[in-house]
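# Geometric and topological summary
The residues making up each chain are set out below.
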Amino acid sequence: MLPPFDYFTYRRVRDSKRKERAYRFASLPPVYHSAFTAFDKSVINKPIELLVQDVQDSALSATDLLHTYGKVAVKAHEKTNCVTELLLPEAEKWAQSEVNLKGPLAGIPVSLKDSALVKGFDTTLGYTSFAGKPAKEDGPMVRLLKDAGAVPYAKTALPVTLLSFESASALWGHCLNPHVPQYSPGGSTGGEAALLALGGRIGIGSDVAGSVRVPAAWSGIYSLRCSTGRWPKVGVSTSMAGQEGVASVFSPMARTLNDLTYFTKAIIGMQPWKYDYTVHPISWREEDEHEAVSSKLRIGLMSNDGVIPPTPAIERAVSTTVAALTAAGHTVSEITPPETADPFAGLHLASQLLNSDGCITINSHRYSFEPSDPGADQLTRITNLSRPIRYLYYLYVRYIKRDYKWASLIRDLSHKSSADQWKLVAKRESFRATWHEWWDAEAQQYDFILCPANATPALPHKAMHDAVSSCGYTFLWNLLDYSAGVLPVSHVDAVKDALVAPYKTVLKQLGYNHALARGAWMHYDASKMAGLPTAVQVVGRRWQEEKVLGYMSAVEKALDEYAEGGRYSLIELD
């Protein structure tokens, strides 16, 4: 149907898919709608390696585990609207006939970001135009999971466009934060984070600018952003096929650090390069993980990226972590990033690479008047400005508003020619070389860099309209292709984390009187945010996944032992 009449197709498909999802939940056997039992709670809190051993020894069945995690999915979805495609009861059949119950993930239910291809199910990515087109076969990543013994049981919410720290679409609605529902669980892998926070076990998401790390930080779970080529990515769908300026990577997420480490090790142990030609044949390096856990570490601290300062709750999480690490005998010192490749230069370059097509592709999948993400809409409006109008807008923001940073982004957010794209990629490689030399220099030699995962805790729904560029603390490491993990620290405290003055006054006093900082800070309210998780990010170098997981373990151990800290506690099951 031709525009604009395809708007009615969007409405019809949206309503049909929502009814289909509701029916699948309602028609589940009674066991999935029953209350959590003592057995369920023991399963959910038992380390993953022990569950695997129980299944391999036939002390537990894969069906028993599915019943428990099916309950988790039902209850988590009721609270947060986190599931797009419910894979039960098909998962029960897979557990009996397709899954290798002797594998390293024997019987373990796994949830997947909606973009993963699962036979018989749609991969809509939040676009109604992709509905009604179920995958004919499992993608390589799902085949690998089944061969490892894992049982896919749910696909989870993401934002339309996949370019947001929100997880909402016109097709599925808003996914809610599992701690405070008025806030986002993060994005673009927000549904996954919400499900895991409410009792899920392990899952897979994708990350192009922080999309597994910000949901982990905002929902209170653990995630690892792998370097390109370390984790399989073939057999998925994307809103930006062909975009390689800042590569999207698929990566693991989990409710606990122990599960995250076990899951990562298990997948790499399956030799994923045999399933996916993009994966490098790098075996798991056990000694790197052990060395990272057992050594006294030299840690570089990036407490502030110089673009958007951390809000009080995040600043407290970072300072608590620094105090804990110092008390544990590690050395922490503030870093000075390379002058010619600082975080703002990285944000500027990465934003051009990611949106070099002028936002054409992400919008090409939508029907007429089908709502998009507020942040993506902002980017689209800017890139659609004619060159003279964009330049006049740039001049106004730069010289009248005196906002150099926002003006710089406005000036260069546009459709790029092939020649322009080549130049940007060359700049990216120079940027990476500069950081490589910087980290190798004798003055640095840090084991890892500690920094926020985002300047704020979770933001309210639709805040991406204002905070679309508040991604620098994660986007930088995507541009560099570094391995990076996120772990929770504590929760927002209404009193300890309150602003001492209106946010504009505080930012002006700190020297951040520009739109990027105001867009993030304008939604900060410690009293409304009370109870939301706070987190930190652990950054290693390229292909250092084992080390990063070891460093995360060292950080968690230090926080556990730090008397004044008060560790993050997982959500208790109802």
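Analysis parameters
- Residues numbered from 1 in each chain as written.
- Predicted model: local features only at pLDDT ≥ 70, side-chain atom pairs only at ≥ 80, totals over all residues.
- Heavy atoms only, no water.
- Pairing = 2+ DSSP bridges.
- Helix = DSSP H or I, 4+ residues; strand = E, 2+ residues; numbered from the N terminus.
- Axes fitted to C-alpha atoms, helices over the stretch in contact; angles between N-to-C directions.
- Contact = heavy atoms within 4.5 Å.
- UniProt positions renumbered as here; feature names shortened; annotations may be inferred.
- Buried < 20%, exposed > 50% of the residue type's maximum accessible area, 1.4 Å probe, protein only.
- Left-handed = near helix turned anticlockwise from the far one by under 90°.
- Nonpolar A, V, L, I, M, F, W, Y, C, P; charged D, E, K, R; others polar.
- Right-handed = clockwise from strand over helix to strand, strands pointing away.

## Some words on the sheet that holds strand 10 (residues 331-334)
- Strand order in the open sheet formed by 11 strands is 1-3-2-6-8-7-12-13-11-9-10, with mixed pairing between adjacent strands. Each edge of the sheet is formed by a strand with only one pairing partner; in this case those strands are strand 1 (83-86) and strand 10. Here the strands of the sheet are splayed against their neighbours by 30° on average, with no regard to which way each runs.
- Sheet topology places strand 11 (residues 448-451) next to strand 13 (residues 533-539); 3 bridges connect them, and they run antiparallel. Along strand 13, the bridge assignment pairs Cys 451 with Gln 537.

## Looking at unusual backbone geometry
- Looking along the chain, the bond that leaves Leu 88 and enters Pro 89 is cis, with omega of 0°.
- As for its position among the elements, Pro 89 is in the loop between strand 1 and helix 5 (90-97).
- Put simply, Gly 187 and Ser 188 share a cis peptide bond, and its omega is 10°.
- Inspection of the secondary structure puts Ser 188 in the loop between strand 5 (173-174) and helix 7 (190-197).
- Not every positive phi belongs to a glycine, and Cys 359 is a case in point at roughly 65°.
- Tracing the chain through its elements places Cys 359 in the loop between helix 12 (343-354) and helix 13 (360-364).

## Some thoughts on the environment of Gly 199
- The topology assignment puts Gly 199 in the loop between helix 7 and strand 6 (202-207).
- Taking the C-alpha atoms as reference points, Gly 199 and Asn 45, separated by 154 residues in sequence, lie 8.6 Å from one another.
- Ignoring sequence-local partners within four residues, the contact set of Gly 199 consists of Ile 44, Tyr 69, Val 72, Arg 255 and Leu 573.

## A few points about the UniProt feature "binding site: substrate" (unreviewed entry) in the chain
- Sequence positions flagged by UniProt for "binding site: substrate" (unreviewed entry) are, in local numbering, Leu 162, Ser 188, Val 208, Ala 209, Gly 210 and Ser 211. With the annotated positions falling across 50 residues, the maximum pairwise C-alpha distance of 11.0 Å places them together in a single cluster.
- Position of Leu 162 among the secondary structure elements: in the loop between strand 3 (151-156) and strand 4 (168-169).
- According to the relative accessible area criterion, Leu 162 is buried, its value standing at 10%.
- Apart from the residues lying within four places of it in its own chain, the contact partners of Leu 162 are Lys 113, Leu 125, Ser 188, Ser 211 and Ser 239.
- For Ala 209, a relative accessible area of 11% gives the class buried.
- When near neighbours in sequence (up to four residues on either side) are disregarded, Ala 209 contacts Phe 165, Cys 471, Thr 474, Phe 475 and Asn 478.

## A word on the packing of helix 12 against helix 17 (residues 418-440)
- Running from N to C, helix 12 and helix 17 cross one another at 145°; their axes reach a closest spacing of 10 Å. Here helix 12 runs over helix 17; the crossing is left-handed. Contacts between helix 12 and helix 17 involve Ala 345, Gly 346, Leu 349, Gln 352 and Leu 353 from the first element and Gln 421, Leu 424, Val 425, Lys 427, Arg 428 and Phe 431 from the second.
- Within the contact of helix 12 with helix 17, the residues separate by chemical class into 6 nonpolar, 3 polar and 2 charged.

## With respect to the pairing of strand 10
- In this structure, strand 9 (residues 298-301) lies alongside strand 10, joined through 4 bridges in parallel fashion. Looking at strand 10, one finds that Arg 298 is bridged to Thr 331.
- Each parallel crossover has a hand, and for strand 9 linked through helix 11 (residues 312-327) to strand 10 it is right-handed.

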